[in-house]
Structures are given as structure tokens and as C-alpha cells.
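Coordinate analysis (summary)
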Amino acid sequence: MKIKFLHFRPLFSLFLGYLLVTGCSRSVEDTIGYSDGLPRSTPEEQGVPSATIARFFQNIEEKGYDVHGLMMMRHGKVIAEHWWKPYGPQYQHAMYSATKTFTSTAVGFAVQEGLLEIEDKVISFFPDLLPDTISPQLAKLSVKHLLTMSVGHSSTRYASSGVSQVRSFLGTSFAHEPGTSFAYNITASHMLSHIISRVSGVSIHEYLKPRLLDPLGIEDVVWEMDNDGYNMGNGGSHMKTSDMAKMGLFLINKGKWKEQQLLDPGWIEAATTTHIYQHPERSDEENENAADDGSQGYGYQIWMGRHNSYRAIGGQNQLIMVIPEYDFVLVCHSSIGDEAGFNSLIYEMLPSMSNKKLKAENSFDLKAAIAGYEIRRPFEGASTTRVTMSTLRYQMEDNEPGIRSVLFRFDASGNCYITFITASAIHNLPFGLDIWLHGMTDRTLSIARTVYPNAMGVTPVHTAGICTWISPNQLSAYYLSMFNPGSDETFRFTFEGDQLKMEIIAPTRSRPGPPGMEQPAPENLSFTGTKIND
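Overview of the structure.

1. Observations concerning helix α8 (residues 204–216)
Within α8, the axis deviates most sharply at Pro210, by approximately 55°. Those residues of α8 that fall on the buried side of the exposure criterion are Ile204, His205, Tyr207, Leu208, Leu212, Leu213 and Leu216. Contacts from the buried residues of α8 go to α3 (99–112), α7 (186–200), β5 (222–223), α9 (241–252) and β7 (256–257). Directly beyond the C-terminal end of α8, a positive phi value near 75° is found at Gly217.

2. Describing the nonpolar core
Counting residues in hydrophobic clusters, the biggest one holds 66 residues, and the most contacted among them are Phe102 and Phe250. Of all hydrophobic cores here, the second largest spans 46 residues; its members include Tyr87, Met149, Leu345 and Tyr373.

3. What to know about the packing of aromatic side chains
Under the counting rule described, the total for this entry stands at 23 aromatic pairs. Arranged with centres 5.0 Å apart and planes meeting at 45°, the rings of Trp267 and Tyr300 form a pair that is tilted. Residue Trp267 is located in helix α10 (residues 265–271), and its partner Tyr300 is located in the loop between α11 (284–288) and β9 (303–305); the two are separated by 33 residues in the primary sequence. With relative accessibility at 9%, the residue Trp267 sits in the buried group. Residue classification places Tyr300 among the buried residues on the basis of a relative accessible area of 3%.

4. As for a negative patch on the surface
Together, Glu281, Asp284, Glu285, Glu286 and Glu288 give the surface a local cluster of negative charge. Along the polypeptide, Glu286 turns up in helix α11. Using a relative accessible area of 48% as the deciding quantity, one classes Glu286 as partly exposed.

5. Notes on the sheet that holds strand β6 (residues 237–239)
Spatial ordering of the open sheet is given by β4-β6-β5, a layout of 3 strands whose pairing is antiparallel. Looking along the sheet, the strands with just one partner apiece sit at the ends: β4 (93–94) and β5. Here β4 pairs with β6 via 2 bridges, running antiparallel. Bridging across to β6, His93 finds its partner in Met239.

Cut-offs applied
- Residues numbered from 1 in each chain as written.
- Predicted model: local features only at pLDDT ≥ 70, side-chain atom pairs only at ≥ 80, totals over all residues.
- Heavy atoms only, no water.
- Bend = angle between axes of the 7 residues up to and from the residue.
- Helix = DSSP H or I, 4+ residues; strand = E, 2+ residues; numbered from the N terminus.
- Buried < 20%, exposed > 50% of the residue type's maximum accessible area, 1.4 Å probe, protein only.
- Contact = heavy atoms within 4.5 Å.
- Core = buried A, V, L, I, M, F, W, Y, C linked by side-chain atoms within 4.5 Å.
- Phe/Tyr/Trp six-rings, centres within 6.5 Å; stacked < 30°, edge-to-face > 60°.
- Patch = residues over 30% accessible without salt bridge, like charges linked within 9 Å, V, L, I, M, F, W, Y side chains within 5 Å.
- Areas by Shrake-Rupley, 256 points an atom, 1.4 Å probe, with all protein chains shown as cover.
- Salt bridge = Lys/Arg side-chain N within 4 Å of Asp/Glu carboxyl O.
- Lys, Arg positive; Asp, Glu negative; His and termini not counted.
- Charge placed at Lys NZ, Arg CZ, Asp CG, Glu CD.
- Pairing = 2+ DSSP bridges.

See the structure below:
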């Protein structure tokens, strides 16, 4: 099929040009000046062979791990960092349950300021939300039990969100005495956010800003809220990879940042100490010698690990790994299901680390060795067709997503800018021809139900899109959210004369995401449109 250039009305041209060109897209190849304020050093200066780090990256590639951004710190300095295109250091990324460690840190500040004590009873903070009958177990339940995931509830699923979720939590029956049994309970973490708001009068995000986030230079945090406007204490925060690095350094330095002791070191020590084991039926020796990191014990919203490590961990391996004995911190954003395997790759580096400076390997360029790694592309091969300087518009038949019309604009390089027009909004997404292009969306357009709906009013977020012509009349296009891994859409457009067949391809994998945000299994969608001629 030969696609011809359409001369459309000047006003429409101006409108479309404004939407699609002015600041809407940028090639991933473009460089943006970005500084996170962290000191840098060479690996050898900090006692780590560059070859060890290069081998670690090679192992990630061979394992097929989907890493988005990663930083290593030794002795307080960044010794290696990389972002797998299209991800970059300037983008916020979902933290999921790694948020919990920030939540427990807020509790530490509140304890330091005398706003609460960890032995305070949970019921004391919510006199207006208590059930009619207070069980002995509920009466015993303390802030410490929330921190250590040792609530003892018979179920860890609770109704609704916000204040109603708190009421549901307080009304749940107990299977164990508080403090005697570990059970991963995300609402226990969210209860801490509500408690911070009750004792401070502000959201947990507002509370942490002057105490932790601002001093560490953690800026532009997006932190989602529950239905009643409380920041999610169990997840929902979105930060840059360097923000995780700063938190790791704050923890390994026991609450100190740039010679200023922000938080009592005693709190950090308590938070990073095992208070309960995931398998209480094992002996202490069996727990300590277990081969997996999921059973090494739990602190205050922090997991203990092998090699005396500890970590903040979120769904799909959003990781802050701290190994004090080696003065080593590794952080990453990713979409990985094999947490234990990834951790093992980290531990494999430890024996090669020295407390002395190493001789520089002048013949080996680490940055060059890792520069080419990028995420796996959705399409094999390169385009068979190139369409340039063309614009096409189609009126769509009635369809489930409510797309009224679709517009395609191809620039001089063959990149495609697709506009979906619905009854309430105009959505513009750039797709690079066999390269990634960045754009933005407000996420309210959920087509095949693999993109998170924007139910919490999150500001527009970055996307990356890529397309390829798989035949002379068939274009495949894929975009992902830089904001939430696993949030993506795949389109296939078939052009036949004046007809457009639009298909939205459901992923073969299950859609990853935080607990409680599951969506129905998506199915392929297909509908047609007719070309609009001026």
C-alpha cells in the first residue's frame, strides 16, 4: 500500500502540530543534563575490579533479567550505574513495596520527636473507627506489630480503601497473638501512614519532606493516595533510581547525611535487625543458615538477607540492597520475578571486593562495556517499509475503549505520532521507527486493560514508544509507561484502501503490579475505521 501525503486544513494542522510536536516527544538517544548530587569514583579506587562489575552486567543479560536502572555504591561513592534504554536517570519509577521502608523511617522520625512510641496501641490512634467489641488481641496490637508484619490476623485482605480500610483492618479477627507470627500484610504498612497523619496533622509525604527527602535531595516524588487522601504507606511512591541510592546511603550511615545526623542511629539499628522470622517453626540456627533471602528475618518494614545484608524490596524487584560489612549498596528499578537469583548475582561479587585501592585497569573501559545494554525490544528485525511526511485520519466504529477517531502523522524520519480522540480527551503517543521515543500521557486511556487507570489523579507520566512496519501495509506499535513497569500496550494497524483495522494485542504474560491492583485478564480487541478525506 502506498500512503500519500494529505493536505489538511490549516487550523487542524496547527492544532495537531501543537499537540504532537511542541515538547511532546524526544528521542531516547537525546542527552539531557541530569545531576543527582552523588559523588562518583572508579571501581578500583573503591576496591572493586571493573571486570567483576562487567561480569555482573553480563550475567544479568544472560539471565534475561529485565532491569531498568541500576547503581552501585562503595564507601559512599557511585562506582557503576546504567539505565537500560528507554529508561533513564531522570525518570520516576514505581517503587511498589520498597515504599514501606520510607514509611517505617517516618515512624522513626515520629518516635524521635516524641509523637508516638512503638509500643503504643493501635486502637489509641483510631477511637472513632473501632469495632463495637475490642478483642484482647486487638487491645494488644501495637505500632511495633505493624512495623514487623506480626499482626496475627486471620486474613490479610481488607475491604475498600482509606478510612473504610482502616475500619476493616481494626475489625478483622485474629488467628495468632500479635507478635508471634509473621504474615506479609500490606495494610499493616498503610496503617502506619494513617497513624503518621493522625499524630502529625499532615500526610506522610509532607511529613518526610523536611526531615528526610529534602535533606537527601530526593525531589519530584509522586506518591499516590488512598480514597481519602492519605499517601499509600504500603506502596504508591515513584522515585528516581538515584533517590533509592540516597536512601541506601542514609541507611548504611545509620541516619547520617553529609555529617548531619538526621535520625537516631539507634532507630536504624533497630529497623535493620531481625525482630521476627518468616518461618517460626525453624530453629534460630536453621533460619540464620537458610539458603534463601525470604526467610532471613524481618525488621521494621525491611527484609534481612544473606551475608548480613538487608533490603527494601518492592514488587518486580525494586531494590535497595545494603551490605554493611562490605560498605556496599546496590539499588535497581526493574521488572524481575526471580528475586533470589538476582540477589545471588550481587553476592557473587563480594569475594572480589578489597578494602584497599586496586590498580586501575587502563586497558578496560567499564562504561563502554556496559553502555550497550537495553531492555528487550518488542519487535524482531527492522521495518520493511518507511512512510514519511504523511498524515492520516480515521473515524472509528463504536468500540469498547471509546476511541472516536485515530490520527497518524509520520515525520521525515518515519517516526509515527498517533492521536487517539475520545469523548473526554485527546491522547498523543509518539512511536519511533525502530527506535524509542519518549512522550507523556495522563494514563486515563486504558485500552487492553494493561495500562493502569489513573484513578488516583496522578500527574501526566512519561512513556516510551517504538514501532515497526511488519509488512507494506501493517504497522505494529508498542508503548510502555516509564512510571509503572508492566503497564504497556501493543497495537497492530492494517491499512487497506480507506479502511483501517485496529488491533490491541493482549500480552501473553500476566500483568505484574502491586497487590490489590489486579485487573481482569486482557483479551485482544479489534475494530475498524474509515478514512476521513478533506
